[in-house]
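Listed below, chain by chain, are the residues.
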Amino acid sequence: MRRDVEMPIGYRLVSLEETGSTNSEAMRLATLGEAGGLWITAERQTRGRGRSGRTWRSVPGNLYASLMLRLSCDPQTAQQLALVTGVAVVDAIRAASSGGARRAVEPGPGRSFRLKWPNDILAGPAKLGGILLESARDVGGPGLVTVIGIGLNVAAAPDGLDRAATSLADCGVAVERCRMLASVASAMDSALQVWNEGSGFADIRRLWLERAGPLDELLTVNSGSGAVTGRYQGLDGDGALLLADGLGVRRRFTYGDVSLAGTGEPQ
Ligand code: BTN
């Protein structure tokens, strides 16, 4: 990764050849007293982590980046950053893929770049990237340290996954990783300003819904107490997922793994 990637004002970038996990490195630097607004990126991760204890594989040419923030909001409000980041990543992909053209490249009919609750970036039904949010109490003060990890398949999707995956290259979007990072950093800066530590969450929720799949799409949620399949009904005011189950009863989920029903994804 080139070291001259342009960062928005107030942000710094540490670019590494290799690290275990950019999230772990960002948290380590926070405990050493680094100020917030720090991006860490690496060419390779040797112990990349996904949600729910899964491994995030390090395919050459993909984007692995984490943003460390120091926040004064409570941990529950900080969870909203998954939606903030989703909005930013979709906007960054659209901006990077437009290459200055008026309209962004979309990955073919029925395969638009979009969000799936809570943390997935999709191209059509296939996973293009994911977000891993980790927070800890700030040892040096009353606030919170939050690390937002972003993995984006820029060059290639890992082989042999048990769910559909794709890459920007597969979607016909040729973008350099450093340009993608600059685009993500800029879109994150804008989305964080809208969010404003939670006071702008209503706007973030609206932006997220505009970038998500259609209402009534069939989803399966596994929140640890069995799988529930139902029709997507958007998000409530707190960002929880709403589904209408087979009996038409509205169910609310604050966490869980979600798959598009009928795509063969594991629950
Ligand atoms: C998921 O969809 O499960 C989330 C994947 C998050 C992967 C990124 S890659 C950069 C950062 N470092 C990690 O170890 N994980 C995140």
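Use the structure listed above.
It should be emphasised that the depicted structure is a prediction, and the values quoted were computed from it without experimental measurement.

**Describing the overall build of the protein**
When you go through the protein residue by residue, the secondary structure sums to five helices and twelve strands. The C-alpha radius of gyration computed for the protein amounts to 18 Å, which stays within 12% of the reference 18 Å derived for 267 residues, consistent with globular compactness. Seen along its three principal axes, the alpha-carbon backbone of the protein occupies a region of about 50 × 45 × 35 Å. For the protein, with 267 residues in total, the buried portion stands at 54%.

**Concerning the sheet that holds strand β5 (residues 120–123)**
Strand order in this open sheet of seven strands is β1-β2-β3-β7-β6-β5-β4, and the pairing throughout is mixed. Since the sheet does not close on itself, it has two edges, and those belong to β1 (12–19) and β4 (113–116), each with one partner. The sheet shows a mean angle of 20° between the axes of neighbouring strands, direction not considered. Relative to β5, β4 is paired through four bridges, and the arrangement is antiparallel. By the bridge assignment, R114 is partnered in β5 with L122. Across the face of the sheet, helix α4 (residues 177–195) comes into contact with β1, β2 (38–45), β3 (63–71) and β7 (144–152) while running at roughly 25° to β3.

**Some points on the site of the ligand**
Around the ligand sit 20 residues in total, of which S21, Q45, R49, R51 and K127 are the nearest. Note that an oxygen atom of the ligand is positioned 2.8 Å from one of the side-chain N or O atoms of S21. In this structure, an oxygen atom belonging to the ligand sits 2.6 Å away from a side-chain N or O atom of K127. Its free accessible area being 410 Å², the ligand has 99% of it covered by the protein chains. With four residues, the top contributor of residues to the shell around the ligand is strand β6 (residues 126–137). By residue class, the composition of the shell around the ligand is six nonpolar, ten polar and four charged.

Calculation notes
Residues numbered from 1 in each chain as written. Predicted model: local features only at pLDDT ≥ 70, side-chain atom pairs only at ≥ 80, totals over all residues. Heavy atoms only, no water. Helix = DSSP H or I, 4+ residues; strand = E, 2+ residues; numbered from the N terminus. Rg over C-alpha atoms; globule rule 2.2 N^0.38 Å. Buried < 20%, exposed > 50% of the residue type's maximum accessible area, 1.4 Å probe, protein only. Pairing = 2+ DSSP bridges. Axes fitted to C-alpha atoms, helices over the stretch in contact; angles between N-to-C directions. Contact = heavy atoms within 4.5 Å. Near = heavy atom within 4 Å. Polar contact = N/O pair within 3.5 Å; in protein donor to acceptor, adjacent residues only side chain to side chain. Areas by Shrake-Rupley, 256 points an atom, 1.4 Å probe, with all protein chains shown as cover. Nonpolar A, V, L, I, M, F, W, Y, C, P; charged D, E, K, R; others polar.

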